[in-house]
Amino acid sequence: MQYFSTNHRSPQAAFREAVLRGQPEDGGLYFPAAIPQLPDGFIAGLDARSNEEIAFDVIRPYVGRSIPDDKLFDICRETASFPFPLVPISDKISALELFHGPTLAFKDVGARFMSRCLRHFSSEREAKTIVLVATSGDTGGAVANGFHNVEGIEVIILYPKGRVSTVQELQLTTLGGNVTTLELRGTFDECQAIAKRALADAELQKQAFITSANSINVARWLPQQFYYFYALKQWEGGPPPVVAVPSGNFGNLASGVLANISGLPVARFIAACNANDVVPEFFETGDYRPKPSVSTLSNAMDVGDPSNFVRILEMFSGKTDGLKARMSAASISDERTAETIREVHRNYGYTLDPHGAVAYAAIADYIEANPDTRGIILETAHPIKFDSVADILGVEVTAPDSIGELFTKEKSVTELDADYNSVREVILKKAK
Ligand SMILES: *Cc1c(COP(=O)(O)O)cnc(C)c1O
């Protein structure tokens, strides 16, 4: 499979090159030259197949000859190694729980797949691979965990001191091994600026191959299709579901739409956003106007200019009619998010996290207006990751077993000023 740039000025790249580069030089995003179509009977046969077999069949055309089949199958097995249950909340709405992986969020899937692709590619290279990630909480944990103990790779995580949740901080600081965690006295934006500067530092790049394991990387984006198939595998007959996706950078939703175009039956997608409403506004007015992000309860979705939305536009050749036939978009306030967490807990005994709650509110509105439909929300993270949920409910959230273990592990973190040269020094040391 070849990938072109959505800006159409950089040359096409095979999967391997697209993964190693991350982003084409023209600033666009890599996009598959042709969207593969699933063979007849694939959906009807989902029931009889294991999750790793489904993953392999879905991703294989995208990878092509960049990774041999037996290696790719191993990568799929290691990626889909935890459960993806579809749990009924009410008689009309079910949650696809994507939080049973090591860091309790859906980003585990993309991070695990990408890390293993990089391991494969770096075995063919000389220099060490340094994965450098600035995080405001969720992404860093998934990436660090995905790359933990992966041979040939050193991970360096930058996060703003005092600005991530308790569980997130433990997930970032207790891995050890090839993961180095730097707590910077500064903001997330400063962490990100330092990471960007390192990626653009030609002198530094001579001494180490540095990558950001960014969410726009095709090796993180494409495997997110897997669990949409796992949802359909568990969907009990009847018409296809409406699927609501809590969206920030729109990578998750873009992978669902891609699966849909390649043959996965979905009645409609709902892009569920918080107060950061660039996309819902685009659906209403036809104008795409990025704006500065605002802070909300569902902070992993606080994005003012979603980087993957261009991939969704690409799938519809920029035609809004086609887009509107497949998708709607909604913006849900923090008040409504909190109210939804309370209501769903009270009525159904189910604890939503703030991101899943945004999706729940959006799909509930849709079903009220279209009473014959039923649907699925993606529950993108475990509620224990967000201190706000216990505050909203006034009761403690039941923690999964893995959390207890986190509290027993030794923390290892270096505190530094948010200063480029101090971070650069650490990178150089790790590159040796
Ligand atoms: C990253 C994240 C999202 C947003 O996903 P995108 O692919 O950026 O749209 C939603 N929920 C949680 C918990 C996340 O960590």
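Here's what I pulled together on the structure shown here. Note that residues are indexed from 1 along each chain, following the sequence as it is written. Reporting of local features is limited, given that this is a predicted model, to residues whose pLDDT is at least 70; pairs of side-chain atoms are given and counted only at 80 or more, and all residues count toward the totals for whole chains, interfaces and linings. Derived side-chain values reflect all non-hydrogen atoms in the structure, with water molecules and hydrogen atoms excluded from consideration.

By convention in these notes, a salt bridge is any Lys or Arg side-chain nitrogen within 4 Å of a carboxyl oxygen on Asp or Glu. Evaluation of the coordinates by the stated rule reveals 20 salt bridges. In this structure, the salt-bridge partner of Asp69 is Arg60, at a minimum N-O distance of 2.9 Å. The buried label applies to any residue whose accessible area, calculated with a 1.4 Å probe on protein chains only, is under 20% of its type's maximum; exposed applies above 50%, and partly exposed to all values in between. Given the relative accessible area of 34%, Asp69 is considered partly exposed. Of the charged contacts, one joins Lys128 and Glu154 as a salt bridge, the two residues approaching to 3.9 Å between their closest N and O atoms. Of this pair, Lys128 sits in the loop between helix H4 (107-122) and strand S6 (129-134) while Glu154 sits in strand S7 (residues 153-160), placing them 26 residues apart in sequence. The exposure class of Lys128 is partly exposed, given its relative accessible area of 30%. Within the structure, one salt-bridge network assembled from shared partners comprises Lys161, Arg185, Glu415 and Asp417. Strands are runs of DSSP state E lasting at least 2 residues, helices are runs of H or I lasting at least 4, and numbering of each runs from the N terminus.

All right, on to the site of the ligand then. With respect to spatial proximity, 15 residues lie near the ligand, and among them Lys107, Asp138, Gly248, Asn249 and Phe250 are the closest. Measuring from an oxygen atom of the ligand, one finds a backbone N or O atom of Asn249 at 2.8 Å. Each accessible area is a Shrake-Rupley result for a 1.4 Å probe, and residues are judged covered by the shown protein chains and nothing else. Computed on the free molecule, the ligand has an accessible area of 380 Å², of which 95% lies beneath the protein chains in the complex. Here, proximity means that at least one heavy atom of the residue falls within 4 Å of the molecule or strand. N or O atoms within 3.5 Å of each other form a polar contact, as long as, within protein, one can give a hydrogen and the other can take it, and as long as residues adjacent in sequence are counted only when both atoms are side-chain atoms.

This part covers empty space enclosed by the protein. With a 1 Å grid laid over protein atoms only, a set of points is called a cavity when a 1.4 Å probe fits there but cannot get out and a pocket when it is open yet has protein on both sides within 12 Å along at least five of seven lines; lining residues have an atom within 4 Å of a point. Grid points are joined across faces, edges and corners, and a volume is the space filled by probe spheres set on the points. In the structure shown here, the tally under the stated rule is one cavity of 30 Å³ or more. Taken together, Ser247, Gly248, Phe250, Cys273, Asn276, Asp277, Val278, Val303 and Pro306 form the lining of the largest cavity. Residues were grouped as follows: Ala, Val, Leu, Ile, Met, Phe, Trp, Tyr, Cys and Pro as nonpolar; Asp, Glu, Lys and Arg as charged; and all remaining residues, including Gly, as polar. Grouping the constituent residues of the lining of the largest cavity by class yields five nonpolar, three polar and one charged.

The next subject is the sheet that holds strand S13 (residues 375-379). Pairs of strands are assigned from DSSP output, requiring at least two bridges between the strands. Pairing is mixed in the open sheet, where six strands are placed in the order S4-S5-S13-S10-S11-S12. Among the strands making up the open sheet, the edge pair consists of strand S4 (86-88) and strand S12 (327-331). Within the sheet, the average angular offset between the axes of one strand and its neighbour, ignoring direction, is 25°. Bridging between strand S5 (residues 93-97) and S13 involves five bridges; their strand directions are parallel. The residue bridging Ile93 from the neighbouring strand is Gly375, located in S13. Against the sheet, helix H11 (residues 251-261) contacts strand S10 (242-246), strand S11 (268-273), S12 and S13, and its axis sits at roughly 175° relative to S11. Lines fitted to the C-alpha atoms define the axes, with helices restricted to the stretch that makes contact. Angles between their N-to-C directions range from 0 to 180 degrees. The criterion used for residue contact is that any of the two residues' heavy atoms lie within 4.5 Å.

Packing of helix H6 (residues 166-173) against helix H18 (residues 401-408) leaves a shortest axis separation of 10 Å and a crossing angle of 65°. Note on packing geometry: the crossing formed by H6 with H18 is left-handed. The residues of H18 that touch H6, namely those facing Thr166, Val167, Leu170 and Gln171, are Ile403, Leu406 and Phe407. A clockwise turn of the near helix away from the far one marks a right-handed crossing, whereas an anticlockwise turn of less than a right angle marks a left-handed crossing.

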